[in-house]
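# Coordinate inspection notes
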Amino acid sequence: MGPAGGMVLVRTMMREKISVDESCKLLDQAWRPRVIAALNDQEVKLIRVKGVFPWHRHDDADEFFLVWKGRFSVEYRDRLSKGAEKTGLDDAVIVVRAEIERTPVVLAVMEYAFIGGSMGVVVGEQITRAVEAACEARIPLIVVSCSGGARMQEGALSLMQMAKISSALAVLDDAGLPYISVLTHPTTGGVTASYAMLGDMNLAEPGALIGFAGPRVIQQTIRGELPPGFQRSEFLLRHGMLDRVVHRRDLRGALGSFLRFMYEPAEVAASVEKDAAVTVQTAPEPALVRTVR
């Protein structure tokens with residue numbers, strides 16, 4: 001059944017529509033493989049982060065869990081194992097080299113099915129590596145966020161990823177390379193408070209819940225009613241927090257258009273610069289004009 005429309009949904013139908021429930025216009029959260037395939041021009045090249053930390057592979061996580069003195073070891077390790085079994089991923093994000101309408105990009109897509117898309121040390125490192133890969137190749141970066149925020153089981157280490165990724169994005173900005181952030185339902189907590197809202201272009205899907213604390217927490221804190229549509233993408237667009245709301249079926253075309261406007265490949269830029277230099281060198285000197293009185 002659709003979460004709001006009350007319509008029976010056939011899995012094959014959802015796949016064909018890139019996980020869109022047309023009865024209530026909501027979007028399926030576990031959409032990573034289909035969206036990567038739908039956005040990309042050709043077969044993607046996976047950028048894996050291997051051997052970054054001894055706990056990157058969850059079966060070799062002993063050293064990391066010693067930090068917590070066994071407090072969360074069993075429960076957290078079980079959740080990591082179940083998340084890996086359910087999604088086939090090492091953690092809640094996948095990073096690929098892709099092409100969107102002939103423009104090469106580094107594409108990072110978060111997976112909500114892995115512990116709510118929460119951001120821990122491994123997610124922070126993978127997204128940081130994605131930023132570095134974009135800088136090294138001098139191509140744009142696109143991050144598709146779908147997350148409940150920082151992963152509470154990793155405490156302060158998960159919160160440190162906010163500053164770490166933001167610092168890496170500052171380097172990308174200094175290099176003059178575009179970063180497009182796509183926010184999906186839901187994007188909350190420390191992810192919203194860091195890289196999800198730092199894009200040169202911030203896009204969101206219709207009806208997506210976007211915020212730091214949830215609306216119920218805010219309502220209980222202020223002891224008042226919230227305006228209609230509070231923290232939904234359309235509300236944020238009206239209040240200047242987003243640049244555009246784009247339906248998932250139109251996302252590829254929108255990204256391609258923005259990339260063509262924002263990004264000029266290095267070889268094209270070098271060719272234009274070379275042509276300009278030749279034009280300057282071969283231009284005739286202006287003739288001197290004397291004023292006769």
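Note that the structure is a prediction, hence the values are computed from the model and not measured.

## So, the overall build of the chain
Within the chain, the regular secondary structure consists of eleven helices and nine strands. Relative to its 293 residues, the chain shows a buried fraction of 45%. In the form shown here, the chain has an accessible surface area of approximately 16000 Å², with 55% of it arising from carbon and sulfur atoms.

## With respect to the packing of aromatic side chains
Scanning all chains against the criterion turns up one aromatic pair. Between Phe230 and Phe235, the aromatic rings sit 5.6 Å apart at their centres with planes inclined by 70°, giving edge-to-face as the arrangement. On the basis of relative accessible area, Phe230 is assigned to the partly exposed category, the value being 23%. In this structure Phe235 comes out as buried when scored by relative accessible area, which is 13%.

## Let's talk about the pattern of salt bridges
Tallied over the entire structure, the rule returns six salt bridges. Notably, a salt bridge pairs Glu101 with Arg260, separated by 2.8 Å at the nearest N-O pair. Taken together, the residues Glu101 in the loop between strand 4 (93–100) and strand 5 (103–110) and Arg260 in helix 10 (residues 251–262) connect sequence positions 159 residues apart. Across the pair Arg248 and Glu205 runs a salt bridge whose closest N-O atoms are separated by 2.9 Å. Taken as a pair, Arg248 in the loop between strand 9 (244–245) and helix 10 and Glu205 in the loop between strand 8 (201–204) and helix 8 (215–222) lie far apart in primary sequence, 43 residues in all. Residue classification places Arg248 among the buried positions, given a relative accessible area of 5%. Classification of Glu205 by relative accessible area gives buried; the value is 1%.

## Focus on the packing of helix 5 (residues 121–137) against helix 6 (residues 155–174)
Viewed as axis vectors pointing N to C, helix 5 and helix 6 meet at an angle of 5°, and their least axial separation amounts to 9 Å. With respect to each other, helix 5 and helix 6 are oriented roughly parallel. Residues Val121, Gly124, Glu125, Ile127, Thr128, Val131, Ala134 and Cys135 of helix 5 touch helix 6, and the partners they reach there are Leu157, Gln161, Lys164, Ile165, Ala168, Leu169, Val171 and Leu172. Residues that form the contact of helix 5 with helix 6 fall into these classes: eleven nonpolar, three polar and two charged.

## Brief notes about the nonpolar core
With 40 residues, the main nonpolar core has Val106, Leu141, Leu169, Leu172 and Tyr195 as its most contacted residues. Elements supplying a minimum of two residues to this core: helix 4 (73–87), strand 4, strand 5, helix 5, strand 6 (141–147), helix 6, strand 7 (179–187) and helix 9 (233–238). Sort the elements by how many residues they give to this core and helix 5 lands first, with seven residues. Residues Ile100, Ile180, Met201 and Leu251 belong to the second largest nonpolar core, which totals 21 residues.

## Here's the deal with the confidence of the model for the chain
A residue-level look at the chain finds 66% of positions with pLDDT of 70 or above and a mean pLDDT of 78. Counting contacts from residues 21–28, a segment whose pLDDT is below 50, to residues more than four positions away or on other chains yields 26 contacts. Under a pLDDT of 50 for its full length, residues 48–70 has, in the predicted model, 40 contacts with residues more than four places off or in other chains.

## Topic: the pairing of strand 7
Counting buried positions along strand 7 gives eight out of nine residues, so the element sits mostly inside the fold. Across six bridges, the pairing between strand 6 and strand 7 is parallel. Across the sheet, Ser147 pairs through a bridge with Thr187, a residue of strand 7. Crossover strand 6 to strand 7 through helix 6 is right-handed. Of the strand pairs in this sheet, strand 7 and strand 8 are connected by four bridges, and their pairing is parallel. Of the residues in strand 8, the one forming a bridge with Val182 is Leu203.

## Notes on the pairing of strand 6
The buried fraction of strand 6 amounts to seven of the seven residues, a majority that puts the element mostly inside the structure. Sheet topology note: the strand 5/strand 6 ladder contains four bridges and is parallel. When the sheet's bridge partners are listed, Ala108 is paired in strand 6 with Val143.

What counts, and at which threshold
- Residues numbered from 1 in each chain as written.
- Predicted model: local features only at pLDDT ≥ 70, side-chain atom pairs only at ≥ 80, totals over all residues.
- Heavy atoms only, no water.
- Helix = DSSP H or I, 4+ residues; strand = E, 2+ residues; numbered from the N terminus.
- Buried < 20%, exposed > 50% of the residue type's maximum accessible area, 1.4 Å probe, protein only.
- Areas by Shrake-Rupley, 256 points an atom, 1.4 Å probe, with all protein chains shown as cover.
- Phe/Tyr/Trp six-rings, centres within 6.5 Å; stacked < 30°, edge-to-face > 60°.
- Salt bridge = Lys/Arg side-chain N within 4 Å of Asp/Glu carboxyl O.
- Axes fitted to C-alpha atoms, helices over the stretch in contact; angles between N-to-C directions.
- Parallel < 35°, antiparallel > 145°, perpendicular 65-115°, else oblique.
- Contact = heavy atoms within 4.5 Å.
- Nonpolar A, V, L, I, M, F, W, Y, C, P; charged D, E, K, R; others polar.
- Core = buried A, V, L, I, M, F, W, Y, C linked by side-chain atoms within 4.5 Å.
- pLDDT = per-residue confidence, 0-100.
- Pairing = 2+ DSSP bridges.
- Right-handed = clockwise from strand over helix to strand, strands pointing away.

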